[in-house]
Amino acid sequence: MDSKWSDEEAAAFVERYADRCNADLALRVYSSRLIGSDPTLVLHGGGNTSVKTTANDDLGREISVLCVKGSGWNLGDIEPEGLPAVRLETLRALRGLDKLSDEDMVNAQRTRMLDASAPNPSVETLLHAFLPHKFIDHSHADAILSLVDQLDAEQICRQQYGKRLGIVPYVMPGFALSKLAAEVYDKDPEVEGLLLLRHGLFTFGNSARESYERHVRAVSEAEEYCARRRYWSTRKSQLPLPAPAYERLAPTLRGLLGEGERRYVLELRSSPNVVDFVNDSQLEELSQIGCATPDHVIRTKRFPLLLRVGDQQGAALREHIASQLIDYRKNYNEYVSRQMQEKGLVVQPLDPDPRIILVPRLGMIAAGPTPKAAAIAADIYEHTIEVIRNAEAIDRYQALPEGDIFDMEYWSLEQAKLGKQKPLPLVGQVVYISGAARGIGRATAQAFAAQGAVLYLVDREAGPLRALASELRCRCEVIDLTDEQAVRQSVRHAVQCHGGLDGVVSNAGIAPQGAIDEVSTAELEHSFAINLYAHHWLASEAASVMKAQASGGFLLFNASKAAFNPGAGFGPYALPKAALIALMKQYALELGSWGIRSNAVNADRVRTELLDSEEVRARAQARGLDVDSYYRSNLLQREVSSRDVAGAFVQLALAPSTSSAVLTVDGGNIAASPR
Ligand SMILES: [Zn+2]
């Protein structure tokens, strides 16, 4: 890698941040971003940086401080606020202590902060404080890991770096590591940085540029070292699995992976690098050595699950995955018990489910409670593959023993990084919504997102659909609901994106009008295509996914008051809507034994774009009402909003014992009440 330092850019940062921080901190922000924007150096909140500078305390005195990366910030887009100031003098004095527990260390750091509301400083703060240099940079660069994750790491590192970098044996981050690193440095203050075995790289300097460029140089040399030895023998005789294999595999895997309340979304990665790795004849051995750097364990678990599914389908596929998962979970639980016994402590075991699943001929599947968590696990493991490949090219890849990994996995300071999962009822549930771009569909998408659901939105209108999907940070697809293949294909796309499906809100509809004795067959057929068949195609395709998952699910249909209480001139609309109620009941009847619930919402007089305003005005006039009164002409004398309808969909999604029900959202209308 090359240095990306630019004096002009650096000066621009100093100028840009002049009214928010001093030049030291502005330069710290600049070079932290240089490091953070390169995924071969740091990933998803990994790595940390610091600068020793001065700040004014609340009495106006100038004091020495360490500004160090705070938790929750990524180096790639860090701001001065992401580098909270900690009083340096008393922080350094902690080195005199013999011991300091993790809790006491966190407390010691917090009580020395200048701003009580700033984020917690990095768990590696003391390491930064105990070293004398003004600027310090720390990463878990892939190429460095390939050298430090070796059976004979010390000799390899010595051979490459001579005395330029100090070598620190593995100790878990915290007080003990900080002291050890400072001792290694003290023995040879000429070093430009420290290699932390099985962990990563620290470099330092008197200027931001010096520390950064020493970092780049050390990583470049590691890259060249790897490149000189690189070879990779794969047995490419294995044909890749055909694409539908993932659509078959994913729902079965996803259903078995989620137990009880736990649900996972899946992400498939099948880049050439990944496929090469999963096809390697040594996969069994290489994938079961362990994490490349210890803090990956909370994202990927210690080992991936290896699934050799080949061309299996149906029950055989299900049995194979189930038995592999039983073994995986058993091994995980045994590892936790073994470690608790060895260490004489009691912890609440984390879930025993794998986060990375390697499938020869297909690729890697990452699992997480959210799409983001799955993507982070996938990113980390893609880099792990790179580290393993390079390490094996050099000599032998070696990871930490399980005792050290356990310490890291169950370290409260690491678990804190995952954040407290909000107890939202639909977390991890994938919900497909049709007609999502506007009106009721849009409100429904927002309501499901607020309950934690992972959404897949479809509509025929690209503009508003994409805007909503970007607002809700979810996937979307423009489809034509009159095209059966397109509808079915879109459900399969949702499965490709997230691994499966837990619910469908079949909402899209049109409202054609016409006298029943005059309406043409073509007009009627068009209405049936969208107001009935599209619902059926969607439900039928979703049902096959839900059956493969075998973890229940819900189908929700947007019916209409017209299904029970038709209006003159609305035949082309009312007929398919009445049939839709029958469709909903048929699904409830035939899929109930699978735990799949089928329900409908009957709404009326919701102000949406389905009916144009002229039409509404005419209807209101015919009843001698103005438009607003028209919307309020119900028992409650209350206008029904799209959000009310959306709320009804959410309630039905969350009603575990309700199936074949019609929930009315019309402000009260006796004539239209279903029974
Ligand atoms: Zn680290």
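A short tour of the structure in this document, coming up. Residue numbers here run from 1 along each chain, matching the order of that chain's written sequence. Since the coordinates come from a predicted model, pLDDT governs what is reported: local features require at least 70, and pairs of side-chain atoms require 80 or more to be given and counted, while whole-chain, interface and lining totals use all residues. For the side-chain quantities, the full set of heavy atoms in the structure was used; hydrogens and water were omitted.

## Topic: the coordination of the zinc ion
Here comes step 1: Any nitrogen, oxygen or sulfur atom within 2.8 Å of a metal ion counts as a donor, with the limit raised to 3.2 Å for Na, K and Ca, and since water is left out, coordination shells can look unfinished. Only E124 (OE), H138 (NE2), H140 (NE2) and H199 (NE2) from the protein coordinate the zinc ion, and they sit 2.1 to 2.7 Å from it.
Here comes step 2: Each of the 4 donor atoms around the zinc ion contributes to a set of angles spanning 78 to 169 degrees, which defines the coordination as irregular. Geometry is assigned from donor-metal-donor angles: four donors are tetrahedral when every angle falls between 85 and 135 degrees, four are square planar and six octahedral when opposite donors sit over 155 degrees apart with all other angles between 65 and 115, and any other arrangement is irregular.

## Observations concerning the sheet that holds strand 18 (residues 662-665)
Here comes step 1: The rule for pairing is simple: two strands pair if DSSP sees at least two bridges between them. Working definition: helices are DSSP H or I runs of at least four residues, strands are E runs of at least two. Numbering for both runs from the N terminus. Across the sheet, which stays open at both edges, the 7 strands sit in the order 14-13-12-15-16-17-18 with parallel pairing between neighbours. Each edge of the sheet is formed by a strand with only one pairing partner; in this case those strands are strand 14 (475-478) and strand 18. Taking each pair of neighbouring strands and ignoring which way they run, the sheet shows an average axis angle of 15 degrees.
Here comes step 2: Here 3 bridges tie strand 12 (residues 430-434) to strand 15 (residues 503-506), and the two strands are oriented parallel to one another. Paired with Y432 across the two strands is V504, which belongs to strand 15. Lines fitted to the C-alpha atoms define the axes, with helices restricted to the stretch that makes contact. Angles between their N-to-C directions range from 0 to 180 degrees.

## Concerning the environment of P354
Here comes step 1: Mapped onto the secondary structure, P354 falls in the loop between helix 14 (314-343) and strand 10 (356-359).
Here comes step 2: Considered as a pair, P354 and L257 are 97 residues apart in the sequence and their alpha carbons are 8.2 Å apart.
Here comes step 3: The contact criterion used throughout is that any non-hydrogen atoms of two residues lie within 4.5 Å. Beyond its immediate sequence surroundings of up to four residues, P354 is in contact with L257, L305, L325, Y328 and A367.

## Quick notes on the nonpolar core
Here comes step 1: Here, the term nonpolar core denotes a set of buried Ala, Val, Leu, Ile, Met, Phe, Trp, Tyr and Cys residues that are joined through side-chain atoms within 4.5 Å. Relative accessibility thresholds used throughout: buried, under 20% of the residue-type maximum; exposed, over 50%; partly exposed, between the two (1.4 Å probe, protein chains only). I144, L147, L195 and L358 are the most contacted members of the largest nonpolar core, which has 67 residues in total.
Here comes step 2: Structurally, this core is a two-domain feature, drawing no fewer than three residues from each of domain 1 (7-215) and domain 2 (244-418).
Here comes step 3: In this structure, Y328, A374, L555 and Y587 belong to the second largest nonpolar core, which totals 59 residues. Annotation comment: domain bounds sourced from an automatic or database domain assignment.

## Details of the packing of aromatic side chains
Centre distance and the angle of the planes are the two values used to describe a pair of aromatic rings.
Here comes step 1: Planes of paired rings set the category: under 30 degrees apart is stacked, over 60 is edge-to-face and the rest tilted, where pairs are Phe, Tyr or Trp rings (Trp by its six-membered ring) whose centres lie within 6.5 Å. For the structure on display, the rule yields 15 aromatic pairs.
Here comes step 2: With centroids separated by 4.9 Å and ring planes inclined at 70 degrees, the aromatic side chains of W5 and Y30 adopt a geometry described as edge-to-face. Of the two residues, W5 sits in the segment before helix 1 (7-16) while Y30 sits in helix 2 (residues 23-36), which places them 25 residues apart along the sequence. Judged on exposure class, the residue W5 and its partner Y30 are both buried.
Here comes step 3: The interplanar angle of 20 degrees and the centroid separation of 6.2 Å between the aromatic rings of F448 and F554 together place this pair among those described as stacked. Taken together, the residues F448 in helix 18 (residues 439-450) and F554 in strand 16 (residues 553-558) connect sequence positions 106 residues apart. In terms of burial, F448 and F554 fall into one category: buried.
Here comes step 4: A connected cluster of aromatic rings, assembled from ring pairs, spans W5, F13, Y17, Y30 and Y212.
Here comes step 5: Just above the ring of F13 sits the side chain of R16; from NZ or CZ to the centre is 4.5 Å. The criterion is that NZ of a Lys, or CZ of an Arg, lies within 6 Å of the ring centre and within 35 degrees of the ring normal, and then a charge sits over that ring.

## Brief notes about the packing of helix 18 against helix 25 (residues 642-653)
Here comes step 1: The N-to-C vectors of helix 18 and helix 25 enclose an angle of 50 degrees; their axes lie 8 Å apart at closest approach. Comparing the axis directions of helix 18 and helix 25 gives the class oblique. Considering how the two elements wind past one another, helix 18 and helix 25 form a crossing that is right-handed. From helix 18, G439, I440, A443, T444, A447 and F448 reach across to helix 25, where they touch S642, R643, V645, A646, F649, V650 and A653. Orientation categories follow fixed angle ranges, with anything under 35 degrees roughly parallel, anything over 145 roughly antiparallel, 65 to 115 roughly perpendicular, and all other angles oblique. Crossing handedness follows the turn of the near helix against the far one: under a right angle anticlockwise gives a left-handed crossing, and clockwise gives a right-handed one.

## A word on the pattern of salt bridges
Here comes step 1: Each salt bridge in this description consists of a side-chain nitrogen of Lys or Arg and a carboxyl oxygen of Asp or Glu lying within 4 Å of one another. Considering all chains together, one arrives at 40 salt bridges under this definition.
Here comes step 2: The salt bridge involving E81 is made with R20; its shortest N-O contact spans 2.8 Å. With E81 in the loop between strand 2 (62-68) and strand 3 (85-87) and R20 in the loop between helix 1 and helix 2, this residue pair connects regions lying 61 residues apart in the sequence.
Here comes step 3: For R20, a relative accessible area of 45% gives the class partly exposed.
Here comes step 4: Residue E402 is joined to R302 by a salt bridge in which the shortest nitrogen-to-oxygen separation is 3.5 Å. Taken together, the positions of E402 in helix 16 (residues 402-409) and R302 in the loop between helix 13 (297-300) and strand 9 (305-306) put the pair 100 residues apart, joining distant regions of the chain.

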